[in-house]
Amino acid sequence: MAGGQPGLPCGERGMTDMKDIWLDDGLTQVPFAVYDDQDIYARERERLFQGPTWNILGLECEVPEPGDYKTTYLGDIPVVLVRGKDGVLKAFENRCAHRGALLCLERFGNTKAFTCVYHAWSYNHDGELIGVAFQNGIQGEGGMGEGFRREDHGLRQVKIAVLAGLVFGSFDEAVQPLEDYLGPDIVARIHRVLPRPPKILGYFTQTLRNNWKLYAENVRDPYHASILHLFFTTFRVNRLSQKGGIIVSENGGHHVSYSMLDPGTADDSDYDAAKLRADSEFGLKEPRLLDGRDEFNDGITLQILSVFPNLVLQQVRNSLVVRQIVPQGVDQADVVWTTYGFDDDDEELMDLRLMQSNFVGPAGYISMEDGAVGNFIQRALPGTKGETSVVMMGGEDAASMASRATETSIRGFWKAYRNLMAI
Amino acid sequence: MPPDNNPIGIVSGLLADYAHCIDSDELERWPDFFTEQARYRITTTFNHERGLPVGIIDAKNRNMLEDRVAALRKANIYEPQRYRHIISVVRITGESGGLVQAEAGFIVVRTMIDGRQELFVSGRYLDSIDLSGQRAVFTEKLVVLDSDKIDTLLAIPL
């Protein structure tokens, strides 16, 4: 390897050496340095999160009325999403143009203008600077100089696009249109779980003690699902032998993994041969947990969809969740879980959604392990200088597949990642 | 010593036993603190104040608590860890027909097997307790966490 110094801690490797981090041009060997290198993290902030990507900011229904706002993050950069007087959604960086203080501190609210607490500079719903305290000084003394123009000091804009009630943002004016970015397969699968305006059922946030990409990979990894999450196997909620498949978008970054219960094809022999069966005597005292309704009329009981870089859209039976990944430094990330249903949910369907929320989230029967497994990798990074992980299940490319015994969508993630990062 | 009929005393004793059961890893006894039809739910202050119904754990009866314990013992994978509950003085917030409503603040320190130790959660118990029988039992236990954030995972109940 010429000149590369993978594994060096922060600041010891210039951007020019980054090409050497990867051993080859393929997708099957991921250098461990991507999970703990400060230079790479800085480059992600610049090239991914402020580059030509669409990032989930929230749901349209979170800011229904003019003046409603929500604070959130694009990558790890604080932003505000607001509905203007004209009903149009706007977003901008949550940072006063004066001294750089956070402008908006509440998670949600309604306001006519955003006023910084520090020196009372205020901004309208378009992020334009509309007021500067003592701009003309006090009694003719002080004040801003003649060269100061309010119109030069607006908030940095985030471009907005809405699809099926999901609000995406991009700092890059030149980003391609959202539907082109996603491709038709992903767009169709988003509409599938958001066929009408959603209603928020609640929030929680899971703090992961690992690099954000370990979670992005985890959600693109159907290989682990029935092995790490024994609840799946034990109760036959999901098995790799079920009918289903993986769709990987053309750019690699987005994916859908789906499966449908099909008792006729359930064949346990592969599981028994690999000794992956949990205690077969294990039954539920409250089997209603496993009830569900085919609410989208297609037999699909599980759909995990990702949009590069930070969205996961989840259907586990009738539990529907928008998950936003928020990097919090090189070795920590938050996952914001926004659970939703629909206005016309009947009582039984609402009960199913609440009951099935036991499957997901930080205490979820089939997801709690995902909170820990990334940290198991993060804690083992010290010995990985120059080493790579092995991502070869299901081949070497990032194509869509009928089998879910594959890591094709993880390879897709790295395809999109390497392309945007130019490494 | 005469039996303590003061509801504050009874509820305090119940909460002390409850915390001891969880903190000493006697989870098989944990469902016994609840009536058959008891609701046990963990939520956050943010959701609670807005009436948002989704729970981090949402058990509609004691059978679901038994399932939770069985899953923790047999199916779920998590690093060995222990809790230490510290529970505040109890407030009685309502009383009728043998049921009392009580509120108590708590913090839980989580200790991992390698010694890592952190304040895991703080919050309050909003409890409804049946005092009419031989021993006090929860008919409802709503666990309202102060923060929205859960570090890594919540395996053992609160």
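Rules used in this analysis
Residues numbered from 1 in each chain as written. Chains lettered and ligands numbered in written order. Predicted model: local features only at pLDDT ≥ 70, side-chain atom pairs only at ≥ 80, totals over all residues. Helix = DSSP H or I, 4+ residues; strand = E, 2+ residues; numbered from the N terminus. Buried ≥ 20, exposed ≤ 12 C-beta atoms within 10 Å, placed from the backbone. Contact = placed C-beta atoms within 7 Å. Rg over C-alpha atoms; globule rule 2.2 N^0.38 Å. Core = buried A, V, L, I, M, F, W, Y, C linked by C-beta atoms within 7 Å. Domains from an automatic or database assignment. pLDDT = per-residue confidence, 0-100. Expected span 1.5 Å × (residues − 1). Pairing = 2+ DSSP bridges. Axes fitted to C-alpha atoms, helices over the stretch in contact; angles between N-to-C directions. Nonpolar A, V, L, I, M, F, W, Y, C, P; charged D, E, K, R; others polar. Parallel < 35°, antiparallel > 145°, perpendicular 65-115°, else oblique. Left-handed = near helix turned anticlockwise from the far one by under 90°.

Caption draft 1: Highlighting the overall build of chain A. Looking only at helices and strands, one finds ten helices and 19 strands in chain A. Relative to its 423 residues, chain A shows a buried fraction of 46%. Sequence separation of 24 or more characterises 65% of the internal contacts of chain A that already satisfy a separation of 6 or more.

Caption draft 2: Just the overall build of chain B, in detail. Per the secondary structure count, chain B includes three helices and eight strands. A globule of 158 residues ought to have a C-alpha radius of gyration of about 15 Å, and chain B, at 15 Å, matches this closely. Along the first, second and third principal axes, the C-alpha atoms of chain B reach 45 × 40 × 30 Å. The buried share of chain B, taken over its 158 residues, is 34%. Taking contacts inside chain B between residues at least 6 apart in sequence as the whole, the part at least 24 apart equals 58%.

Caption draft 3: Region of the structure containing the nonpolar core. Core analysis: the largest hydrophobic core is formed by 137 residues, its most contacted members being A:Leu57, A:Val79, A:Val80, A:Leu81, A:Tyr215 and B:Val11. Looking at this core, the element that brings in the most residues is helix H1 (residues 7-23) of chain B, giving six residues. Of the residues that make up this core, three or more belong to each of domain 1 (55-163) and domain 2 (184-421) of chain A. The contact partners of A:Leu81, leaving out residues within four places of it in the chain, are A:Leu57, A:Gly58, A:Val63, A:Tyr69, A:Lys70, A:Thr72, A:Leu89, A:Ala91 and A:Val167.

Caption draft 4: Fine view of the confidence of the model for chain B. Summing up the model confidence of chain B, the mean pLDDT is 95 and the portion of residues at 70 or higher is 97%. As scored by the predictor, the complex reaches a pTM of 0.93 and an ipTM of 0.95.

Caption draft 5: Region of interest: helix H10 (residues 408-421) of chain A. Residue and element names in this part refer to chain A. The first and last C-alpha atoms of H10 sit 20 Å apart over 14 residues, in line with the 20 Å expected at 1.5 Å per residue. Burial analysis of H10 places ten of its 14 residues in the buried class, which makes it a mostly covered element. Of the positions making up H10, those classed as buried are Thr 408, Ser 409, Ile 410, Arg 411, Gly 412, Phe 413, Trp 414, Lys 415, Ala 416 and Tyr 417. Close packing links the buried residues of H10 with strand E1 (29-31), helix H4 (212-219), strand E13 (243-248) and strand E14 (255-260). Positioned one or two residues after H10, Ala 422 has a phi angle of 55°, which is positive.

Caption draft 6: Quick peek at the domain arrangement of chain A. All names here are of chain A. You can read the domains of chain A as domain 1 (55-163) and domain 2 (184-421). With centres defined by C-alpha atoms, the gap from domain 1 to domain 2 works out at 36 Å. Domain 1 puts nine residues into the contact, and the matching count from domain 2 is 16 residues. At three residues, strand E2 (residues 55-59) tops the list of elements feeding residues into the side of domain 1 that touches domain 2.

Caption draft 7: Seen up close, the pairing of strand E18 (residues 333-342) of chain A. A large share of E18(A) lies buried, amounting to nine of its ten residues. Once strand E17 (residues 319-327) of chain A ends, the chain turns through five residues before running back antiparallel as E18(A), passing A:Gly329 with a positive phi of about 95°.

Caption draft 8: Broad picture of the sheet that holds strand E4 (residues 77-83) of chain A. Residue and element names in this part refer to chain A. With antiparallel pairing, the seven strands of this open sheet are ordered in space as E2-E11-E10-E5-E4-E3-E6. The outermost strands of the open sheet, each flanked by one partner alone, are E2 and strand E6 (108-110). Between one strand and the next, the sheet's axes are offset by a mean angle of 30°, whatever the strand orientation. Looking at chain direction, strand E10 (residues 157-163) and strand E11 (residues 166-170) are connected through five bridges and run antiparallel. Residue pairing in the sheet places Val 162 in a bridge with Val 167 of E11.

Caption draft 9: Layout of the interface of chain B and chain A. Chain B puts 31 residues into the contact, and the matching count from chain A is 35 residues. Breaking the side of chain B that touches chain A down by element, the ones donating at least two residues are helix H2 (45-50), strand E2 (57-59), helix H3 (62-74) and strand E8 (149-151) of chain B. Counting residues per element, the side of chain B that touches chain A draws most heavily on H3(B), which supplies seven residues. Of the residues in the side of chain B that touches chain A, the class split is 16 nonpolar, seven polar and eight charged. Here strand E12 (residues 198-208) of chain A runs beside E8(B); their pairing, made up of three bridges, is parallel. Each bridged residue has a counterpart across the sheet, and for A:Gln206 the counterpart in E8(B) is B:Ile150.

Caption draft 10: Summary view of the environment of B:Ala38. All names here are of chain B. For Ala 38, the location among the structural elements is in strand E1 (residues 34-44). Separated by 26 residues in sequence, Ala 38 and Met 64 place their C-alpha atoms 9.8 Å apart. Excluding anything up to four places from it in sequence, Ala 38 contacts Asn 61, Arg 62, Phe 138, Thr 139 and Glu 140.

Caption draft 11: Representation of unusual backbone geometry in the model. All names here are of chain A. Cis geometry is found at the peptide bond from Phe 308 to Pro 309, where omega equals 5°. Here the phi dihedral of Ala 120 falls at roughly 60°; this positive angle occurs in a residue that is not glycine. One non-glycine residue, Ala 422, lies in the positive phi region at around 55°. Summarising the element assignment, Ala 422 is placed in the segment after H10. With 10 C-beta atoms packed within 10 Å, Ala 422 lands in the exposed category.

Caption draft 12: Geometry of the pairing of strand E4 (residues 91-96) of chain B. Residues and elements named next belong to chain B. Of all six residues in E4, zero are buried, a share of ten percent or less. In terms of strand pairing, E4 meets strand E5 (residues 99-112) through five bridges, oriented antiparallel. Looking at E5, one finds that Ser 96 is bridged to Leu 99. Between E4 and E5, which pair antiparallel in sequence order, lie two residues; one of them, Gly 97, sits at a positive phi of approximately 55°.

Caption draft 13: Quick look at the sheet that holds strand E8 (residues 122-123) of chain A. All names here are of chain A. Within the open sheet, the three strands sit side by side as E7-E8-E9. Their pairing is antiparallel. Each having just a single partner strand, strand E7 (114-115) and strand E9 (129-131) make up the two edges of the open sheet. With two bridges joining them, E8 and E9 adopt antiparallel strand pairing. The partner of Tyr 123 across the bridge, within E9, is Leu 129.

Caption draft 14: Focus on the packing of H4(A) against helix H9 (residues 368-379) of chain A. All names here are of chain A. Close contact between H4 and H9 brings their axes to 9 Å; oriented N to C, the two are set at 125°. Here H4 is positioned oblique relative to H9, judged by the angle of their axes. In this structure, H4 crosses over H9, and the sense of that crossing is right-handed. Touching Leu 214, Tyr 215 and Asn 218 of H4 are Asp 370, Val 373, Gly 374, Ile 377 and Gln 378, all from H9.

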